[in-house]
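Breakdown of the fold
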Amino acid sequence: MIRVYVSSVIDASADTVWSRIRDFNGLPLWHPAIADSRIENNEPADRVGCIRHFHTRDGGAIRERLLALSDYDYSCTYEILDSPMGVDNYVATLKLMPVTDGNRCFAEWSAEFDCAEGSERALTATIGDGVFQGGFEALKRHFARR
């Protein structure tokens with residue numbers, strides 16, 4: 001089992017950042033690597049069990065199922081159902097925590113998955129740096145302009 005963990009501090013309150021990232025169908029609005037997204041079967045994007053189908057800007061198609069969503073904990077957990085990345089048993093959690101010293105929040109994004117032997121390092125870099133840190137950098141830029 002491979003584990004990837006990335007954290008960052010964003011200069012906006014947890015409430016404010018959560019309002020931007022809470023929508024399970026809203027990745028294209030804040031993540032620069034995501035081209036489009038839709039929730040299958042017209043289900044609400046905050047219904048546990050709903051499935052989002054999205055495309056990355058490089059053309060990859062990914063399907064993910066929402067496993068948990070908590071407005072109280074500012075967190076969502078999801079699993080990958082289909083992806084070109086070569087991961088199995090992929091489960092990730094994106095979570096925010098208020099920073100009491102100032103109007104900021106601590107963001108953490110983590111995932112666990114299985115993959116073919118020899119691809120661990122490349123997948124860890126792609127997911128950790130490209131997906132997770134790339135998303136955090138976009139959020140930091142967005143809230144720095146406010």
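Residues numbered from 1 in each chain as written. Predicted model: local features only at pLDDT ≥ 70, side-chain atom pairs only at ≥ 80, totals over all residues. Heavy atoms only, no water.

Re the overall build of the chain
A tally of helices and strands in the chain yields three helices and seven strands. Listed N to C, the secondary structure of the chain is β-α-α-β-β-β-β-β-β-α in terms of helices and strands. Its C-alpha radius of gyration of 15 Å places the chain within 12% of the 15 Å reference for a compact globule of 146 residues. If one aligns the C-alpha atoms of the chain with their principal axes, the spans along those axes are about 45 × 35 × 25 Å. The buried share of the chain, taken over its 146 residues, is 41%. Accessible surface, the chain: about 7,800 Å² in total, of which carbon and sulfur atoms supply 48%. Taken together, the 16 basic and 22 acidic charged side chains of the chain have centroids lying 6 Å from each other. (Helix = DSSP H or I, 4+ residues; strand = E, 2+ residues; numbered from the N terminus. Rg over C-alpha atoms; globule rule 2.2 N^0.38 Å. Buried < 20%, exposed > 50% of the residue type's maximum accessible area, 1.4 Å probe, protein only. Areas by Shrake-Rupley, 256 points an atom, 1.4 Å probe, with all protein chains shown as cover. Lys, Arg positive; Asp, Glu negative; His and termini not counted. Charge placed at Lys NZ, Arg CZ, Asp CG, Glu CD.)

Considerations on the packing of aromatic side chains
Under the definition given, this model contains seven aromatic pairs. Members of the aromatic cluster, connected to one another through ring pairs, are Phe 24, Tyr 78, Tyr 90 and Phe 113. The side chain of Arg 52 reaches across the aromatic face of Phe 24, ending 3.8 Å from its centre. For Arg 52, the ring lying beneath its charged end belongs to Tyr 78, and the centroid distance is 5.1 Å. (Phe/Tyr/Trp six-rings, centres within 6.5 Å; stacked < 30°, edge-to-face > 60°. Lys NZ or Arg CZ within 6 Å of the ring centre and 35° of its normal.)

Details of the pattern of salt bridges
Scanning the model with the defined rule gives 10 salt bridges in all. Of the charged contacts, one joins Asp 46 and Arg 22 as a salt bridge, the two residues approaching to 3.5 Å between their closest N and O atoms. Highlighted residues: Asp 46 in the loop between strand 2 (34–39) and strand 3 (51–56) and Arg 22 in the loop between helix 1 (14–21) and helix 2 (27–30), separated in sequence by 24 residues. On the basis of relative accessibility, which here comes to 40%, the residue Asp 46 falls in the partly exposed class. The partner of Arg 52 in a salt bridge is Glu 64, with the nearest N and O atoms 2.6 Å apart. Of this pair, Arg 52 sits in strand 3 while Glu 64 is found in strand 4 (residues 61–70), placing the two residues 12 residues apart along the sequence. (Salt bridge = Lys/Arg side-chain N within 4 Å of Asp/Glu carboxyl O.)

Description of helix 1
Those residues of helix 1 that fall on the buried side of the exposure criterion are Ala 14, Val 17, Trp 18 and Ile 21. The buried residues of helix 1 all sit within an arc of 100° when viewed along its axis, so they share a single face. Residues of helix 1 that are exposed and point over 90 degrees away from its buried face: Asp 15 and Ser 19. (Arc of directions from axis to C-beta.)

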